[in-house]
Each structure stands twice: as C-alpha cells, then as structure tokens.
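Below, each chain spelled out in residue letters.
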Amino acid sequence: MRAVVLSRLRLQWTRYLMVLAVVAVSAGFMTAALGLSSTLTASMTNDVVAQYKNADAVVTTKTDATSSFSATPQQIDEISRVDGVDSVWAQYSTIAIPSSSTVAADGSAAPVANLPDDPSLLPAKIEQGTFPNSADQALVSESLAEKLKVGVGDTVSLQELAGAPAGDGEAAGQGVGAPSAAKKYSVSGLSENSATGAFASLWLTNDGLTRFSPGQMMGDRPLQAIQLTLDGSANDARIQGLNTDVARILAAGQGEQPELRVITPEQLTEETIDQLAAGSNVLTMFLLAFAGLSILVALLVVTNTLSVLTAQRARELALLRCVGATSKQVRRSVLTEGLVLGIVGALIGVAVVWGLAVVLKASGLISVVTVTVAPRDLLVGFLTGIVLTMIASLGPARRAHGASPLDGLRGSRAADGVPRVRVVLGALILVAGAGTLVLGVAVHEPLLGIAGGLASFLGVVMTARLYLPPLVQGVGRILPGGQPSRLAAVNAARYPARTATTATALLIGVLLVATVLTGQHVARANLLSELDQQRPVDISVPAGAGQVSPDQIREISELDGVLGVKTTDPAAADGAVAQIDAVQSLNTSAAAQLQEKVAGILNVTPGDLQGALLEKASYVSILEVMLAVTLGLLAAAVVVSVLGIASTMSLSVLERVRENSLLRALGLTRRQLAAMIRREALVISLVATIVGLVIGWAFGTLGVMSLVTEDMTVELTVPWAGFLAIILAAVVVAVLASAAPVRRATRVSPVEGMARVD
Amino acid sequence: MNTTRTETQHSKGLPWGQQTQQPTGQTQAGSTASSPTDQNSARHTQGQHQQHRSLAVVAANVSRTYGTGEASVKALDRVSIEIPAGTLVAVMGPSGSGKSTLVHCLAGLDVPDKDPNTRIVVGGQDITGLSDDQLTRFRRDHVGFVFQAFNLVPTLTARQNIELPLSLAGKKVNAQRLEALADTLGIRSRLEHRPDEMSGGQQQRVAIARALFPEPSVIIADEPTGALDSTTSHEVLGMLRRSVDEFNQTVVIVTHDPEVAKAADRVVRVRDGRIQADDAATGDH
Ligand SMILES: Nc1ncnc2c1ncn2[C@@H]1O[C@H](COP(=O)(O)OP(=O)(O)O)[C@@H](O)[C@H]1O
Ligand SMILES: [Mg+2]
C-alpha cells in the first residue's frame, strides 16, 4: 500500500501543490507568529543585559535588574578590595542637552553615563578614536556625533536639563529651573550606537561626570548596578562568597537599602527572559489567535482538496479493494498520504520562515530588534502543519473506508448530503449569537457584543453549506454570457459540498476583513464627529501671533485640508485671533504638515498654534495602525483561501477533461472554454465576497454600537472604497486562481481529451 | 459558406421541418473574422460544386503522424476518400489501424500533417488549414458526433444536450422540431432527464438526436454501438439507417460489427493507415 501512495504522490505531485502551499503558509505563519514574540522577548532582554555583557558578575537588587540602590565611594572602594575582585564599575547616569560649535541645542536630551575605570568593561565598542583619559574628554556615540556634526578632537557642550531627574541633593543645591552653565568636553572617540537605547550616547570619566553634575558621584546616588570583573572564572562558590561580602559592605536590607545579590550576566539573561515571557504572553496569544484563524481556513481548504482527490480516485481505490486491499488498508493509504503531505508542506513553510529570519538578521536591516526564531517556534510550526493535514485527512479517509468497491468501479458517486447535525447546531449558535450581539448593542455591553459576534461568526460558517450553493447557482444564472456562462453556473453548483467549503474559506477571510474595515470606519466617523462637536476649532491662532492679514487668511484657506478660516475677536473666549477648520481624516503626519504650513504663513513656530487638530489626528493614526496590523494578520487566512479556490478549480478541470473535450468537439471554442472556467471561479469568489461583506458590515457596525456609551448614537456608514477594492480583488483573485486550470484545459486537444481514461 | 450550406440542406427535406437559423452577433462576428479563408474556400468549392454536387465529404492525400523521430507513428498514410451525400459508410479494420484518426480528420477534430496536396472538403467547405477557432465553428455547423461512450454532458438534461451545438453557436432552438425528433427516436419522455438517469441505449439515442438536430453535412459515429447489447445496438443502427434513407443524411460509422457493415451502403476497410478496400456493401437495404 505504501508503494501505491508514494507512487501516486510522485506521479501526480502537481495535484498536491496547492495542499503543500496551504500547509506551508499555515505552518510558516505559526512559526512567524511565535518567532515575532520570541524576537520581542529577545530584544527586550538584550536591552536589559547588553550593558552587562563584559562583566563577570553584577550587583543588582534582589527584585530585578532595573530598580536602584545606593553605594558610597567608600563602600565601592571596599568592594574593589574584596579578594578576587579585579575592577569595579558603579554605573551612574543622567541626561544632558548637547550642542556643538555648529549645531545649537534643540532641547532634546541625550543620556550620559560614567565610564568604567577598566576600559574592557565598557559594553559599547569604540568605533573611532580612544577611550577618554581625562575629566574634560568625552566618548560620543556615532549618531549623536553625526547630529552635532562633530568628530574626534572637536568640542561638545553639555547643559544640564532644568529640573532634570538628577537627584534631590543637587536639585536643592542648584535650584530648579536655573540651569548651570554649559560644560565643554573634547571628543576623544566615537562609540557604537545603541538602537534600543541600552547604551548612553555620551560617556564621561568619573571625574568628568562630577564636573558636569557635581552631585552625581557623591554619596548615596541611585545606582542600578555595580559591574565587577574577577580574577579567574566566576564559579558558583565565588559568586556565593561575593554575595555575602557585598551584602555586608552595602548593608543590604538595612534601612533604605533594598536586598541585594551578586549574579552572573548569564543568570541575569535567563531571569530577564522569564520575567518578560509573562508580559509577552498577551501578545503571543493575540498573534496565535490570528494564526489559529488561518489554520481554520487551511483546514477547510485541505479537507476539501483531499476529499476531491479521494473522490476522483474512487475507481482506483475500488480496484485496489477488488485485488485484495482491505478497507482498513485503503483508509490507511489516505492517512499516509496526509502525513507525507503534512511533513513536506510543514517543512517547506518552517524552512522558508527560518531562512527569512536568517537573511533578515544577516542583512542588518532591522537593528532595533534582535531577530530570533527559537527552536520551540520551529517545532510548533512544524507540528501545526502535520496535525492540520492529519485532521484534514480524517474525513476523506473515513469515506474511503466506507465506500463499496462496486460503487467505485461503476464510477457512481455518493450524493453530497447536507450535514444535518452541523447545520442545525450552526443555526442554533447563529441565532443565539445574533441575539447576544443585539442584546450587547441594546445594553451597550462590549463583552456581550464580542461574545455574540464570535458565536454568530461560528454560526455563519457552520451553516454555509445551506445557503452558499443555492446562492452560487442563483448568481451563476443571472451572469450574462450565453451557453458557456450557463454551463459555468451548473458546474459551480455541481458538488455543493465542495463549492460550499471553497467559498466558506474565502468567506471567512472577507467577513473578518469587512468587520475590521467597517468597525474602523464607523468608529472613526463617529469618534471624529463627536470630537468635532466638542472641540470644533482645529487650529486656533493665539493673540501672541499678532494680527492676521487678509492675504494670510486667503493663503491659509487655499491649503489642502483646510475647510475654512475666520478671524475672531481676541477678547473672546480663547483669546484667538483666527480659527481654522480642517478636514477630519488627517493622520498625525498630515496634520503636523498642515500645522507647519499654517505656521509658516503666519511666521510663527508650529508650537505656538493651538487647537484640536493634533489630538484628532492622533486618533485617526491609532485607528489606521490598528487597521493595518489587523489586516496584515488576516492576510495569511486570505492567501490560504485563494489557494483553496485555485486548488478546487484545477482539480475540477482535471476531472472534467473528457467532458470539456466533448464540448469542444460539439463546438465550444477555446475562448468559450476559458470563459466557462473563469466564470465558475468568478461566481464562487463573488458570492463568498458579497456574503462576507454584508455580514462583516453588520458585525462591524453592531460591534461598534455595543462599544459606545448610551448617550452616543452611531451613525451608519459603509466603507465603500474599501468594499469596492475587496470586490475588485475578488474578481482578480478569480481570474488568477483559474489561470492555471484554464491554461491546462485549453491546451488539451479534443481528441486527446476524449481518449483520456482518467 | 452559407450559400453552399443551404444548397446541401435543400436536398434533404427533413420531415421535422426546415430549421430556422438565427445567427447571433457572436457567430456573425466569427464568420466575418475568418472571411479571407472563407472566401477562398467558397470560390474553391463553388468551382467544384457542379461536379461534386452530391459529395458530402471529399478528402485527398490525408496523412497523420503522431510523435516525432523514431517514436513516430503514421496513423494515416495519404488516404483519399469521397463520400456522396445521403449514404451510410462503414469504416472497418483492426484495432489501431487508423479508423478513428481518419474520421477525426474528416470531422475537423484532428488536423492532418501539413502537405500542399492534402485537401478536406466537408459540406462544400474546405477545412484544410483552418485555425482552431474556425474548425470549432465548422464542427458546430457541419458535423454531428456520436461516440462510443461519454457522449453527453452529465450536468445537462437530454433536451439541453440536444440543444447544445446550437446554443453554443448562439442560435435559437425550435422546441417543436426538437420534440418531433425526440418522438421519432423514442426519447420524448426522457427529455428532461439527466444522462445518469438513462440507460446506455437511451443515452446513445439522445446522442443521435443531438447529431441529427442541427442537420449537419455529415454525422460521424465512432463505434456508436460498441458499448451496447445486440438488441439495443440494432435499434441504434436502425435509426442511423433511417436518417440516411428518409432524411438523406450522410453518416460515417466506425465499427467492428459485421451487422453494421451489412446495413451500410459502402464499406471502407482500413489497415495500417491506408485504405485497403472500398466496396459497395452486399447488404440488403
Ligand atoms: N494521440 C496519439 N498519440 C500517439 N499515437 C496515437 C495517438 N492516437 C492514435 N495513435 C496511434 O495511431 C494509430 C491509429 O489509432 P486509431 O486511429 O485510434 O486506431 P483505431 O481507431 O483504428 O483503433 C494507432 O497505432 C495508435 O496507437
Ligand atoms: Mg478507434
């Protein structure tokens, strides 16, 4: 039997391409989702531990590596005299406003840190120049140096930030809001950038930092960590000994001082990963929900394809039964096929994601995060692919098991019955879900709305077998195009179960996209009109900007995005001399640009302008980002369903070679044959899309209605642009999905096709 | 092409009434697009017309080679044949001798090897060198097919199957005429059934009805009784015979059955891609 399965897979591998692609996409998406979460955890861990990477041991508080403690210079000196300790680096940090002779201070602050006495402890690489050796030298990060337009040997000025979080003693001494004079430092070298902000961008010697901020190195300054280098290796016993010594010296757990411990950087890494894992679980769950969705769609598509393949092979399976294969062996052959497909597909998907991660990492394009795909992610993705395919082959295997050899030989096919239990259960869930959703809307309870929405979604999917095939037939009938069109309609509805499953897969994707799109659209329209009522003035020009001339008003009102400008009496409410009304749909960057242009016309800085424009824009941007993220995550499900249409179409065409050749003999031209196949895909994809849009619109609207408070009325809108784009995409998808089947079908000459046995 | 076609039809005088042809824009456009070839063939056939007034099929020097190089098979080797209108011709010969290839070439379903001496004229239309689309339209208008099995489109009813060649060409179907034909063939009561609800014999009758209905220049039947029992195959054969006798239809039957050969006006024997013998049958009709 195994020989039969393997030879089939080898000879007819083209029939399995779509299944492989679907399994690969699902397994790959799963791996990618987990990998994304691993990447974030790894990046955050790196942020925390990167600064300790050259230390042999680190003193931190017992709770975590980010709370602070204190140590006097005497105590630090004492630690450095402990047996086996080579060097000690107590890390202090503050912020400064940098400037240079060519670039003025623009108010943005840069992190400043003290350098270790032992240069080998410095976690940032020195890219150019040397380690500072005096109090008036500084190490500057490459990016800051570039911003300040300075190089090795140039001078930078550092100014303390007024009211900087610099410590009470010093603030009291200097007085808040009275910044000290800028200190000058000569640049001795350029240090490695830190994309994540793990390293400071200005490094000063201990004395240099004291010069900049006299309170900084004194007494009980808050410390996050003390880094140590040791003679020889840091084994457990030595760390244990250090623990006792350090606790004694720093009086850990006494008075204000928290409990302390000595830990190796490796231990710290592990600990941080554990702590972060809990936090990234929410994100992981979110990503997994979308992965699960695409797996659900994949399950439909793979089940469908394997069912079609098994049905087409009924004759072959029957022949096997006749020559002595037991029904168990026949079933096992279908399951084996599933297993092989699952392994190969999952391997491809996981390997592609892994390869992408490696390439991404090597290219250094993304330096902000540490691209990481953990072995766990690869394994889970791989298993997902296999389990998915195995579950999908259970149904076809059961049917192959139950089929009588005689039916198979006769070529008769059991009629597609409607799965009563599933449909009835689905209808009940749909009714209950819709009820809950409406109730959620009535009492403005988002949780009821979400629960009801999910249940209705499930109901819609489970009952699809009931309403999709008649719809497909109906739509097929009204499509113009003569006899080929009518044949296409009949073909599309020929195997209702097959058509229903294919369409359902696409329906799921479209429905969710439509829900998200509508939700965003309705939320945006209502939120913005609400905001517009509360704060109608988008940009108000304060009296301080001086008189606004008619010329300026005309210029402003001609700007893109400006609806109107009016001058007001500065003695009135907000003391503005002019008010500008802008369109509602600007996102933050568009709003900032508009604000800048207006400021330019009025000869003021953008910061002088007031009004609700930027706040409104921030909501627009948040909604835009949410929409983009959700749509991106739904893409996998949509891709899988499109592959499903392609798969069903090519198998159907394969199955109808003889019939299509007969039609060709009787006078169907090549072009008519192509049109017929394309129409069939078009009918299926259009029906799924339109049903998905309608139901998705209802879900999205009701969802927002359940979210808002009682006193808000939700205005109904349809995101026409988005919906039209989706319908257009459905047409394109149908044409693309039928391209290969069309090519294959029109290539066969009628004589060849009529002679073909299978 | 229409003129010649009408003339061949006149000679038939089919009892189920003259067909009303209403070409739609589609076929119209098709014929204009293919006009250069059509004019050629029209001129050519007009010339021959006086001479071969009663020839439904004229084929000269038809060769067909499958494959290339050493693996090539010469299924037909410079075959020539003329078939007068209103005759029943039986094509016989051992399996693999080239019978199907021959009739496929005559029907415009298969294309002979390129050769300047090759010529195939069916129903007055020269089909040598036509494009795939032109051949398809030619088949719609001039050829009726009956195959051994898988004759019918499984998703369509008997009526829809019979209408198919006309509806593909976008022509109107005269329902009365169709029902009269179905009556003659004894399938009137089966018209609204699908193929899987009919016996093999009934399916073949529907196939014959479909072949006869558009009044083609020639009906090609490739082993039409090969899958039927002897009684049914006798009936089916009788119907084809009647269409020749009563309606002046031209029929070419590929067969292994000596009974069929007896009923034929003429028997063409094929062997190794050549016509071995071409005798008027000794049959009793
Ligand atoms: N598509 C094809 N490719 C290659 N050889 C073919 C093809 N069709 C027919 N032949 C060969 O051409 C010869 C004649 O075939 P055919 O006309 O089908 O014979 P018949 O109908 O008399 O049994 C045979 O040797 C057959 O093997
Ligand atoms: Mg044959």
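Here the structure is shown first, and the text comes after it.
The structure reproduced in this document is the subject of the present report. What you see is a predicted model; the values in this text were computed from it and never measured.

**Considerations on the sheet that holds strand β1 (residues 55–66) of chain B**
Residue and element names in this part refer to chain B.
Moving on, step 1. The strand order across the open sheet built from 4 strands is β2-β1-β4-β5, with neighbouring strands paired in antiparallel fashion. Strands with a single pairing partner mark the edges of an open sheet, and in this sheet they are β2 (73–84) and β5 (125–126).
Moving on, step 2. For β1 and strand β4 (residues 119–122), the ladder comprises 4 bridges, and the chain directions are antiparallel. Note on β4: the bridge partner recorded for Val57 is Val122.
Moving on, step 3. Across the sheet, helix α4 (residues 99–106) lies against β1, β2 and β4, angled at about 55 degrees from β2, the strand it touches most.

**Details of a nonpolar patch on the surface**
Moving on, step 1. A cluster of nonpolar residues, A:Leu339, A:Ile343, A:Val344, A:Leu347, A:Ile348, A:Val352 and A:Leu356, forms a patch on the protein surface that exposes about 570 Å² of accessible area.
Moving on, step 2. Structurally, A:Leu347 is set in helix α10 (residues 327–363).

**With respect to the environment of B:Ala60**
Moving on, step 1. Turning to its location among the elements, B:Ala60 is positioned in strand β1.
Moving on, step 2. Separated by 184 residues in sequence, B:Ala60 and B:Val244 place their C-alpha atoms 24 Å apart.

**Regarding the environment of A:Thr269**
All names here are of chain A.
Moving on, step 1. Inspection of the secondary structure puts Thr269 in helix α8 (residues 265–312).
Moving on, step 2. Thr269 gets classed as partly exposed once you look at its relative accessible area, which sits at 26%.
Moving on, step 3. Taking the C-alpha atoms as reference points, Thr269 and Ala455, 186 residues apart in sequence, are found 43 Å from one another.
Moving on, step 4. Those residues within four positions of Thr269 in sequence are excluded, and the remaining contacts are Thr45 and Val49.
Moving on, step 5. Polar side-chain contacts of Thr269 include one of 2.8 Å to the backbone oxygen of Pro265.

**Describing the side chain of A:Ser621**
Residue and element names in this part refer to chain A.
Moving on, step 1. Mapped onto the fold, Ser621 is located in helix α20 (residues 613–655).
Moving on, step 2. The class for Ser621 is buried, based on a relative accessible area of 14%.
Moving on, step 3. Among residues more than four places away in sequence, those in contact with Ser621 are Asn587 and Thr588.

**Some remarks on the sheet that holds strand β12 (residues 226–230) of chain A**
Residue and element names in this part refer to chain A.
Moving on, step 1. Taken in spatial order, the 4 strands line up as β3-β12-β1-β13 in an open sheet, and their pairing is antiparallel. Of all the strands in the sheet, just β3 (85–90) and β13 (260–263) have a single pairing partner and so form its edges. Across the sheet, the mean angle separating the axes of adjacent strands is 20 degrees when strand polarity is ignored.
Moving on, step 2. Bridging between β3 and β12 involves 5 bridges; their strand directions are antiparallel.

**Things to note about the interface of chain B and chain A**
Moving on, step 1. Across the contact, 24 residues belong to chain B and 22 residues belong to chain A.
Moving on, step 2. Each partner contributes to the roughly 2,100 Å² buried at the junction of chain B and chain A, and carbon and sulfur atoms together form 65% of this total.
Moving on, step 3. Looking at the side of chain B facing chain A, the largest losses of area belong to B:Phe150, B:Thr155 and B:Leu168, adding up to 26% of the total buried there.
Moving on, step 4. Counting across the chain B and chain A interface gives 3 salt bridges.
Moving on, step 5. Note that B:Asp132 and A:Arg670 form a salt bridge whose closest N and O atoms lie 3.7 Å from each other.
Moving on, step 6. Joining chain B to chain A, the criterion identifies 8 residue pairs in polar contact (both at pLDDT 80 or more).
Moving on, step 7. At the level of secondary structure, the elements contributing two or more residues to the side of chain B that touches chain A comprise α5 (132–142) and α6 (158–168) of chain B.
Moving on, step 8. In terms of residues, the side of chain B that touches chain A owes the most to one element, α5(B), which gives 6 residues.
Moving on, step 9. Classifying every residue of the side of chain B that touches chain A by side-chain character gives 11 nonpolar, 6 polar and 7 charged.

**Here we look at the environment of B:Ala264**
Moving on, step 1. Topologically, B:Ala264 is positioned in the loop between α10 (258–263) and β9 (266–271).
Moving on, step 2. Residues B:Ala264 and B:Ser230, 34 residues apart in the sequence, show an inter-C-alpha distance of 17 Å.

Conventions and cut-offs
Residues numbered from 1 in each chain as written. Chains lettered and ligands numbered in written order. Predicted model: local features only at pLDDT ≥ 70, side-chain atom pairs only at ≥ 80, totals over all residues. Heavy atoms only, no water. Pairing = 2+ DSSP bridges. Helix = DSSP H or I, 4+ residues; strand = E, 2+ residues; numbered from the N terminus. Contact = heavy atoms within 4.5 Å. Axes fitted to C-alpha atoms, helices over the stretch in contact; angles between N-to-C directions. Patch = residues over 30% accessible without salt bridge, like charges linked within 9 Å, V, L, I, M, F, W, Y side chains within 5 Å. Areas by Shrake-Rupley, 256 points an atom, 1.4 Å probe, with all protein chains shown as cover. Salt bridge = Lys/Arg side-chain N within 4 Å of Asp/Glu carboxyl O. Buried < 20%, exposed > 50% of the residue type's maximum accessible area, 1.4 Å probe, protein only. Polar contact = N/O pair within 3.5 Å; in protein donor to acceptor, adjacent residues only side chain to side chain. Buried area = accessible area lost by both parts, 1.4 Å probe. Nonpolar A, V, L, I, M, F, W, Y, C, P; charged D, E, K, R; others polar.

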